[in-house]
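# Breakdown of the fold
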Amino acid sequence: MALPEVKQSATEARLSALTLPEGGCLKAARHAALSRVQTMGLPSRRDEYWKYTKPDTLVQAEASKAAVFETGEAPMFDGFDRLKVVFVDGVFDAEASDDLSLEGISIERIADICEKDIHWAKDLYGVLEARGQTPVERPLAALNTAFATDGVVIHVTGTPSKPVNLVYRHADEKSDAILHHVIKVDSGASATILENGPAAARFNKCMEIDVADGGALHLVRAQGRDHERRAATHLFARLGSESVFKSFTLTVNGVLTRNEAVVELTGDDAVAHIAGACVGDGDFHHDDTVFITHDAVNCESRQVFKKVLRNGATGVFQGKILVKEGAQKTDGYQISQSLLLDDDSQFLAKPELEIYADDVACSHGSTSGAIDEEGLFYLRSRGVPKAEATDLMTLAFLAEAVDEIEDAEVAAAIIGRLEGWLARRH
Amino acid sequence: MLEIKNLHVKLEDEEKQILKGVDLKVEAGKVHAIMGPNGSGKSTLSYVLSGRDGYEVTEGSAELEGEDILELEPEERAAAGMFLAFQYPVEIPGVGNMTFLRTAVNAQRKARGEEELSASDFLKEVRAKAKTLKIDAEMLKRPVNVGFSGGEKKRNEILQMAMLEPKLCILDETDSGLDVDAMKLVADGVNALRDEGRGFLVITHYQRLLDHIKPDVVHILANGRIVKTGGPELALEVENNGYAGILAEEA
Ligand SMILES: Nc1ncnc2c1ncn2[C@@H]1O[C@H](COP(=O)(O)OP(=O)(O)OP(=O)(O)O)[C@@H](O)[C@H]1O
Ligand SMILES: [Mg+2]
């Protein structure tokens, strides 16, 4: 089927600005992804899946400029005991990074494995992304698989003593970065991945995660605090039986961010929690698009998304739980809420449930509202100034999402950032 | 301590006059009780004094230690020494009771130019005060009033009062919903705070609380006005005969 002309030409324009990296063992995957993009075409405003978020600037051939933002504060996970892997404008920086060797985990650059003919990552690179293209197309992810210029493949074989921290620095106001990571967690292995930083003027990131039976992966990322960033990220996860995958994303500022998470529970008794908290002020558009497929018995999934919006900021949530035939005893939970700090901001939500099994418990809820005046007065009547009381209530609103973070130290760091954001607005 | 003159209050959004000229003076060291039929304006009076939105003062004044409080923000009134134990304490999911209390105590200290309480001093003080009110540590960890029973909420109000050490304490039906033992605890908590420098305004429907917290003065508020003022015997009269007689006599 031919693409609509506008879509066809937009796709061609974007593709002509890119060159397909030559790559030994990933070559086939890249070519297959390219043909997926050509078939699907890149997203346009007409697409149902992009109804609430304009993809134009994510798709256009050249990235719009984004000023490099100096925050004056230390990057998010500085001071943590971690293994740091640094990318500057989407390019691995060996000098700024730590030595990549650590017991229980192996980390390699995509550029390096490309030189090899045989590598485990070949069986995952682009594979989970391709699976995630049905029933809903995600062309920007296929574009990423085809053209990613850098990234790491991480093999978790044991229980590394510290988290791996992927740090994304932004140095060039015109940078247009495409990063692709693959994470494979062996049976019984367990690791934590931290991500932070503004990354680039425009950032397209894809992460494919395969968690084997009994494995566990915790992912915590912090996007921000830069204001002009445009980012489209995809996370594709496949979970084996009794495995655990938990992801939390903090988004602070950014003119446009779309975070897609596609999770498939393929083994019995698996657990997936996808959570996010975002705070936006003014020219801020944040979109969480989540698709969780239950395809095994007795699995649990939770989606917890909270958004604080002010001065005309926009929040979007599209979240789906699909329970396939036979996925009995599914426990699916989804909540998406926004706190509107004024009348100009808006929250658009499309929660969906699609269930083909009869013995399941699924719930979803979506709300949008202002600060509770009763609570605010109660706090103020005890002497807490209005601004501080509003912050307390705002943090309380975000708490259910932040509570999804398992590590107390990480959670405290995230809360610190939220407090900072709020305090700067007094 | 507190001096209210000819206070007229209407609802902001409606043409409904609730207080129609309240005059009341609470001296330092004294306990004044306010009784009155449902809907007579008792809670409205307490809200207006503590600065809640939605009411408009159309006439009259209210001063705390000579300072006009009606122009102040709720938090400024609190810092000036005003405290209201709510008839219906508010649940605030996600805000821990301890965090809330410490923020409140330190905010007031800061507003008064005093030094903030250290975390350990604060903890020591809360624990001791909670213990006398039989509030267990588990409850302190929970979000403010969430999942608290009616009686627990009321005890939590008194704990806040004890921590904040206000100058003027308004208790709006703190006794309602309390069992006999809890009422005694609450009354003890209040009595422990009775002090020459502190005034109390105790709103209640029942004599029983006043058995424990002996009032110096009792007022009857009806239809937005104080219609009768007397000593403790006035509360007994209400208890025995209801309001009919008093209202008829004043009409
Ligand atoms: N925000 C409001 N909106 C509408 N009506 C109100 C509001 N606040 C108070 N009122 C009305 O004002 C009157 C006085 O109410 P208030 O709560 O002060 O009475 P009260 O004396 O405390 O009664 P109770 O003994 O039942 O607690 C009532 O008729 C009440 O319905
Ligand atoms: Mg009342």
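Nothing here was measured: the structure is a model prediction, and the numbers come from that model.

Moving on to the site of ligand 1. Residues and elements named next belong to chain B. Taken together, 15 residues lie near ligand 1, and Gly39, Lys42, Ser43, Thr44 and His205 sit nearest. Between ligand 1 and Ser40, the relevant distance is 3.2 Å, taken from an oxygen atom to a main-chain nitrogen or oxygen of the residue. The protein chains hide 66% of the 630 Å² of surface that ligand 1 would expose on its own. Here the element with the most residues in the shell around ligand 1 is helix α1 (residues 42–50); it accounts for three residues. Its residues placed into classes, the shell around ligand 1 shows four nonpolar, eight polar and three charged.

Here the focus is a negative patch on the surface. Together, Asp372 and Glu373 of chain A together with Glu12, Asp13, Glu14 and Asp53 of chain B give the surface a local cluster of negative charge. On the accessibility criterion, Glu373 of chain A (52% relative accessible area) is exposed.

Residue and element names in this part refer to chain A. In this structure the tally under the stated criterion is four cavities of 30 Å³ or more. Lining the largest cavity are 14 residues, and of these Tyr168, Gly197, Phe203, Ala222 and Gln223 lie nearest its centre. Elements that contribute at least two residues to the lining of the largest cavity include exactly β7 (190–196), β8 (202–211), β9 (216–223) and β10 (230–239). Top element by residues in the lining of the largest cavity is β9. It accounts for three residues. Grouping the constituent residues of the lining of the largest cavity by class yields six nonpolar, four polar and four charged. Put simply, the second largest cavity is a space of about 60 Å³. For the second largest cavity, the lining is made up of 13 residues, of which Arg221, Ala261, Ile274, Asp288 and Phe305 are closest to its centre. Elements that contribute at least two residues to the lining of the second largest cavity include exactly β11 (244–252), β12 (256–265), β13 (271–281) and β14 (285–294). Residues of the lining of the second largest cavity, tallied by class, amount to six nonpolar, four polar and three charged.

Quick notes on the rules
Here the residue numbering is sequential within each chain, running from 1 through the sequence in written order. For naming, the first written chain is A and the first written ligand is 1, with later ones following in the order written. Thresholds applied to this predicted model are a pLDDT of at least 70 for local features of residues and 80 or more for the giving and counting of side-chain atom pairs; totals over whole chains, interfaces and linings are not thresholded and use all residues. Just so you know, side-chain values use all the structure's heavy atoms and leave hydrogens and water out. Definition of nearness: a residue and a molecule or strand are near each other if at least one heavy atom of the residue lies within 4 Å of the molecule or strand. Here a polar contact means two N or O atoms within 3.5 Å. Within protein one must be a hydrogen donor candidate and the other an acceptor candidate, and residues neighboring in sequence count only if both atoms are side-chain atoms. Methods summary: accessible areas were calculated by the Shrake-Rupley approach with a probe of 1.4 Å, and residue burial reflects only the protein chains presented. Numbering of helices and strands starts at the N terminus; helices are DSSP runs of H or I of at least 4 residues and strands are runs of E of at least 2. By the convention adopted, Pro, Cys, Tyr, Trp, Phe, Met, Ile, Leu, Val and Ala count as nonpolar, Lys, Arg, Asp and Glu as charged, and the other residues, Gly among them, as polar. Surface patches are defined over residues having more than 30% relative accessible area and no salt bridge, joining like charges when they lie within 9 Å and nonpolar side chains (Val, Leu, Ile, Met, Phe, Trp, Tyr) when within 5 Å. We count a salt bridge whenever a side-chain nitrogen from Lys or Arg sits within 4 Å of a carboxyl oxygen from Asp or Glu. Charge counting treats Lys and Arg as positive and Asp and Glu as negative, with His and both chain ends excluded. In plain terms, the charge of a residue is placed at NZ if it is Lys, CZ if Arg, CG if Asp and CD if Glu. Each residue's exposure class comes from its accessible area (1.4 Å probe, protein chains only) as a fraction of the maximum for that residue type: buried when under 20%, exposed when over 50%, partly exposed otherwise. Throughout, the protein atoms alone are placed on a 1 Å grid, and a set of points is a cavity if a 1.4 Å probe fits but cannot get out or a pocket if it is open with protein on both sides within 12 Å along at least five of seven lines; lining residues have an atom within 4 Å of a point. Grid points are joined across faces, edges and corners, and a volume is the space filled by probe spheres set on the points.

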